[in-house]
Amino acid sequence: MSVDAGYYTASHHSPGTRSRQLSLSGIKMEEAEEQKLLDGKKEDRSGGKGNFRSNHNQNIGLLHRRALIFLALWYVFSGITLFLNKYILSYQNADPHVLCGMQMFITMCCGLFQLYFPLGTYQPVAAQQRPQNFAKNMFILGLLQLGTIMFGLVAIYFVAVSFAETVKSSAPLFTVLISWLILGERTGVFVFVSLIPVMAGLALCSSHELSFSMMGFLCALATNLCECVQSVVSKSLLSSRSYAYNPAELQFYPNMAAVMLQVPMWYFLVDFAKLQTKLDKNLMSAIFLDGISFHGQTITAYVLMSYISPVTYSVTNTVKRAFLIWLSVLLFGNPVTLWSGIGTVVVFIGVLLYNQATNEDARRRKQFSITQDSLTAIR
């Protein structure tokens with residue numbers, strides 16, 4: 001209908017006016033074609049449609065086939081890593097510091113391999129110039145990953161896997177704290193209310209946990225803090241517009257920095273004489289499989305982040321923790337009291353309410369905020 005209306009208006013103008021309109025429309029068409037060519041070149045430089053940071057991948061959701069595949073792989077690798085960690089630490093009596101170092105070293109090697117052979121996890125971007133703060137970002141991410149792995153291993157060394165995972169489910173508490181201290185964000189009332197069952201369930205679970213240990217409890221909380229900050233830093237790097245970070249880079253360089261940080265610590269923390277007596281074929285095989293599985297867990301999580309929103313990722317992570325908790329109870333036979341089980345359920349209900357409240361809070365902020373696009377549309 002707009003074409004017919006434009007034709008009718010043009011036919012009733014003078015020849016001079018009509019020629020000026022035709023010339024202006026021609027210029028606009030040329031500008032549109034030039035813009036398409038520029039967009040095409042940008043898409044080619046960024047790796048085409050298969051690029052890890054392509055706009056096609058942003059928040060597509062779990063209906064996408066690749067998103068479902070990487071979600072399933074993330075769950076599988078997370079379960080294997082968690083149970084291998086518990087097996088190596090509890091049944092093989094391995095040193096957590098050694099396991100942490102080997103886990104990061106194997107992940108570093110796998111990340112180096114996938115820099116040259118992506119194996120379908122991302123599309124390489126050619127002719128990129130690294131930003132000046134590249135080394136700084138990788139060092140910070142490596143330090144956070146070292147803290148996440150180290151505190152997590154010490155936690156499950158002292159307490160049951162189910163209890164450690166329940167404590168880790170209190171991540172929304174740290175998310176709100178980090179958002180307030182670092183980003184200066186004010187949390188809505190619904191979000192604060194949703195944190196009440198998380199804190200109540202965590203207190204109920206801790207007070208009735210048979211394997212409770214203050215060291216394990218504090219290390220699980222420290223894991224939460226490091227993991228939340230690491231998630232914020234990782235997402236900010238993956239969403240950078242100046243440089244397209246890929247999952248293999250976030251695997252190789254941070255783990256290389258973490259290994260360089262931890263190797264000197266081994267001199268003071270590891271009993272090498274005792275280590276030599278424990279190293280055998282079974283332990284080395286378990287550590288190798290554990291490192292491969294941890295690499296698969298982290299790189300599939302990075303790929304999954306490119307397909308789903310942060311809220312969806314948080315919900316899927318909550319479901320994963322619930323699955324791992326009850327699976328660990330069945331496999332390891334961890335004794336669970338009635339009140340501890342009720343506390344675990346209350347924690348997860350609170351986490352789901354938190355995710356819903358966060359989504360509602362973001363929707364309201366967007367609804368009542370005035371963006372630059374809205375101002376342009378008004379003008």
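An unreviewed UniProt entry lists the protein chain under the name Sugar phosphate transporter domain-containing protein, with Petrolisthes cinctipes given as the organism. Taken verbatim from the UniProt record of the protein chain, the Subcellular location (unreviewed entry) comment is "Membrane".

*Asks:* How do you make sense of the UniProt feature "transmembrane region" (unreviewed entry) in the protein chain when you look at a structure like this?
*Replies:* Here, UniProt's "transmembrane region" (unreviewed entry) annotation points to residues 67-84, 96-117, 138-160, 180-205, 212-232, 252-270, 282-304 and 324-354. A helix fraction of 91% and a strand fraction of 0% characterise residues 138-160, whose end C-alpha atoms lie 32 Å from each other. A distance of 30 Å separates the end C-alpha atoms of residues 212-232, which is 90% helix and 0% strand.

*Asks:* Would you mind showing me how to read the packing of aromatic side chains here?
*Replies:* Here the distance between the centres and the angle between the planes together describe a pair of aromatic rings. Counted by the stated rule, this structure contains 11 aromatic pairs. Aromatic pair Phe 134 and Tyr 243: ring centres 6.0 Å apart, planes at 75 degrees, arrangement edge-to-face. Residue Phe 134 is found in helix H5 (residues 134-158), and its partner Tyr 243 is found in the loop between helix H9 (214-238) and helix H10 (247-269); the two are separated by 109 residues along the sequence. A residue is classified by how much of its surface remains accessible, and Tyr 243, at 4% relative accessible area, is buried. Note on Phe 134 and Tyr 253: the rings are 5.3 Å apart at their centroids and 80 degrees apart in plane angle, and the pair reads as edge-to-face.

*Asks:* Just to check I follow, could you spell out the packing of helix H4 (residues 96-116) against helix H12 (residues 281-305) for this structure?
*Replies:* For any two helices packed against each other, the geometry is given by the interaxial angle and the distance between the axes. Following both chains from N to C, one finds H4 and H12 inclined at 60 degrees, their axes separated by 8 Å at the closest point. Classed by the angle they form, the pair H4 and H12 counts as oblique. H12 is crossed by H4, and the crossing has right-handed handedness. Of the residues in H12, those touching H4 at Leu 99, Met 102, Gln 103, Ile 106, Thr 107, Cys 110, Gly 111 and Gln 114 are Ile 287, Phe 288, Asp 290, Gly 291, Ile 292, Phe 294, His 295, Thr 298 and Ile 299. Class assignment of the residues belonging to the contact of H4 with H12 gives a composition of 9 nonpolar, 7 polar and 1 charged.

*Asks:* Would you mind going over a nonpolar patch on the surface with me for this structure?
*Replies:* Side chains of Leu 112, Phe 113, Tyr 116, Phe 117 and Leu 119 sit close together on the surface and give an oily, nonpolar patch of about 590 Å² of accessible area. Structurally, the position occupied by Phe 113 is in helix H4. For Phe 113, a relative accessible area of 44% corresponds to the partly exposed category.

*Asks:* Which parts of the structure should I look at to understand the side chain of Lys 320?
*Replies:* Within the fold, Lys 320 resides in helix H13 (residues 310-332). Despite its burial, Lys 320 pairs with no opposite charge, the nearest such side chain being Glu 227 at 6.0 Å.

*Asks:* Which parts of the structure should I look at to understand the side chain of Ser 234?
*Replies:* One can find Ser 234 in helix H9. The class for Ser 234 is buried, based on a relative accessible area of 2%. Polar side-chain contacts of Ser 234 include one of 2.8 Å to the backbone oxygen of Gln 230. The contacts of Ser 234, once residues within four sequence positions are left out, are Leu 141 and Tyr 302.

*Asks:* It is not clear to me how unusual backbone geometry should be interpreted in this structure. Could you clarify?
*Replies:* Trans peptide bonds make up the majority, and among non-glycine residues the majority have a negative phi. The phi dihedral of Asn 93 is positive, around 55 degrees, even though this residue is not glycine. On the secondary structure map, Asn 93 appears in the loop between helix H3 (65-91) and H4. A positive phi angle, near 60 degrees, is found at Leu 119, a position not held by glycine. Inspection of the secondary structure puts Leu 119 in the loop between H4 and H5.

*Asks:* Looking at this model, I keep getting lost on helix H6 (residues 161-168). Mind explaining?
*Replies:* With 8 of 8 residues buried, H6 is to be regarded as a mostly interior element. Those residues of H6 that fall on the buried side of the exposure criterion are Val 161, Ser 162, Phe 163, Ala 164, Glu 165, Thr 166, Val 167 and Lys 168.

Each value, and the rule that gives it
Residues numbered from 1 in each chain as written. Predicted model: local features only at pLDDT ≥ 70, side-chain atom pairs only at ≥ 80, totals over all residues. Heavy atoms only, no water. UniProt positions renumbered as here; feature names shortened; annotations may be inferred. Helix = DSSP H or I, 4+ residues; strand = E, 2+ residues; numbered from the N terminus. Phe/Tyr/Trp six-rings, centres within 6.5 Å; stacked < 30°, edge-to-face > 60°. Buried < 20%, exposed > 50% of the residue type's maximum accessible area, 1.4 Å probe, protein only. Axes fitted to C-alpha atoms, helices over the stretch in contact; angles between N-to-C directions. Parallel < 35°, antiparallel > 145°, perpendicular 65-115°, else oblique. Left-handed = near helix turned anticlockwise from the far one by under 90°. Contact = heavy atoms within 4.5 Å. Nonpolar A, V, L, I, M, F, W, Y, C, P; charged D, E, K, R; others polar. Patch = residues over 30% accessible without salt bridge, like charges linked within 9 Å, V, L, I, M, F, W, Y side chains within 5 Å. Areas by Shrake-Rupley, 256 points an atom, 1.4 Å probe, with all protein chains shown as cover. Salt bridge = Lys/Arg side-chain N within 4 Å of Asp/Glu carboxyl O. Lys, Arg positive; Asp, Glu negative; His and termini not counted. Polar contact = N/O pair within 3.5 Å; in protein donor to acceptor, adjacent residues only side chain to side chain.

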